[in-house]
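Inside the fold
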Amino acid sequence: MTLLRKLAELDRAERWLLIEAAITVPIVRVALTLLPFRAVHRFIAATTLRVRRSRPSESHTPERVARMVAAMAARVPRASCLTQALAATLLLARHGYAATLRVGVAKNENGTLRAHAWLESGGRTLLGGPDFGTFVQLPPLAFRRQ
């Protein structure tokens, strides 16, 4: 199935969400390339507090948001698990959902450190569910009011 055909099969709300993801994922990717993670995280935390709706959107579930972010990330070079988790955080906030960014670390066979990021919302893993047998979870990075 071609990309245009898939796009045509989406309903209007899903097309708009895909457009939002098509804008957000590359912006987050570029931000992570140019800026330190701490700066990107602070900006996203501040933005999510400003844009979060009081009620969750009825047209977009967290799973739908995650699916659209993952679909766009597949088309953005080097859109890592961290890129996807941060982009989804912004879109979830825009549609009224809170999210928690989680990061885990593990050592490769050769002893080098590797990391993985995933996103949780409503007690469910939405993006990048880790292999809990290999990653040691760091404290969660929440995007919510203190």
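Refer to the structure presented above.
First things first, this report covers the structure right here in the doc.

On to the nonpolar core. With 33 residues, the main nonpolar core has Val25, Val69, Leu86, Leu92 and Leu119 as its most contacted residues. Listed by contribution, the elements that provide at least two residues to this core are α2 (12-34), α3 (37-51), α4 (62-73), α5 (81-94), β1 (100-107), β2 (113-121) and β3 (124-127). Sequence-distant contacts of Val25, defined by excluding residues within four places in its chain, comprise Val69, Met72, Ala73, Val76, Ala79, Thr83 and Ala87.

Moving on to the layout of surface pockets. By volume, the second largest pocket is sized at about 250 Å³. Elements supplying a minimum of two residues to the lining of the second largest pocket: α2, α3 and α5. Split by residue class, the lining of the second largest pocket holds 12 nonpolar, two polar and two charged.

Let us now look at the environment of Thr48. Examined against the element boundaries, Thr48 turns out to sit in helix α3. Classification of Thr48 by relative accessible area gives buried; the value is 0%. Put simply, Thr48 and Gly96 are 48 residues apart on the chain and 9.5 Å apart in space, counted from C-alpha to C-alpha.

As a further point, take the pairing of β1. Counting buried positions along β1 yields six of eight residues, so the element is predominantly enclosed. In terms of strand pairing, β1 meets β2 through eight bridges, oriented antiparallel. Note on β2: the bridge partner recorded for Ala106 is Arg114.

Where α2 contacts α5, the axes come no closer than 9 Å and their chain directions differ by 130°. Between α2 and α5, the interaxial angle falls into the category oblique. The handedness of the crossing between α2 and α5 comes out as right-handed. Residue-level contacts link Glu20, Ala21, Thr24, Val25, Val28, Arg29 and Leu32 of α2 to Leu82, Thr83, Leu86, Ala87, Leu90, Leu91 and Arg94 of α5. Classifying every residue of the contact of α2 with α5 gives nine nonpolar, two polar and three charged.

Remark: α2 packs on α4, axes separated minimally by 9 Å, with the N-to-C direction vectors making an angle of 50°. The angle between α2 and α4 places the two elements in the oblique class. You can see that α2 and α4 cross each other, and the crossing is right-handed. The segment α2 lies against α4, with Glu14, Leu17, Leu18, Ala21, Ala22 and Val25 engaging Arg64, Val65, Arg67, Met68, Val69, Met72 and Ala73. Among the residues forming the contact of α2 with α4, the class breakdown is 10 nonpolar, no polar and three charged.

Each value, and the rule that gives it
- Within every chain, residues take consecutive numbers counted from 1 along the sequence as written.
- This being a predicted model, a pLDDT of at least 70 is required before a residue's local features are given, and a value of 80 or more before pairs of side-chain atoms are given or counted; all residues contribute to the totals for chains, interfaces and linings.
- In computing side-chain values, all of the structure's heavy atoms are included and hydrogens and water are not.
- As used here, the term nonpolar core means buried Ala, Val, Leu, Ile, Met, Phe, Trp, Tyr and Cys residues forming a set that is joined through side-chain atoms within 4.5 Å.
- For every residue, the accessible area (1.4 Å probe, protein chains only) is compared with the maximum for its type, and the residue is labelled buried under 20%, exposed over 50%, or partly exposed between those bounds.
- For helices the rule is a DSSP run of H or I covering at least 4 residues; for strands it is a run of E covering at least 2, with both sets numbered from the N terminus onward.
- Residues are treated as being in contact if the distance between any of their heavy atoms lies within 4.5 Å.
- Whether a set of points on the 1 Å grid over the protein atoms alone is a cavity depends on a 1.4 Å probe fitting there but being unable to get out, while an open set qualifies as a pocket with protein on both sides within 12 Å along at least five of seven lines; lining residues are those with an atom within 4 Å of a point.
- Grid points are joined across faces, edges and corners, and a volume is the space filled by probe spheres set on the points.
- Each residue is assigned to one class: nonpolar for Ala, Val, Leu, Ile, Met, Phe, Trp, Tyr, Cys and Pro, charged for Asp, Glu, Lys and Arg, and polar for all the others, Gly among them.
- When DSSP finds two or more bridges between two strands, those strands count as paired.
- Axis definition: a line fit to C-alpha positions, over the contact stretch in the case of helices; interaxial angles, taken between N-to-C directions, run 0 to 180 degrees.
- Angle categories are assigned with fixed cut-offs, so that under 35 degrees is roughly parallel, over 145 is roughly antiparallel, 65 to 115 is roughly perpendicular, and the rest are oblique.
- Here a crossing is taken to be left-handed if its near helix is turned anticlockwise relative to the far helix by less than a right angle, and right-handed if that turn runs clockwise.

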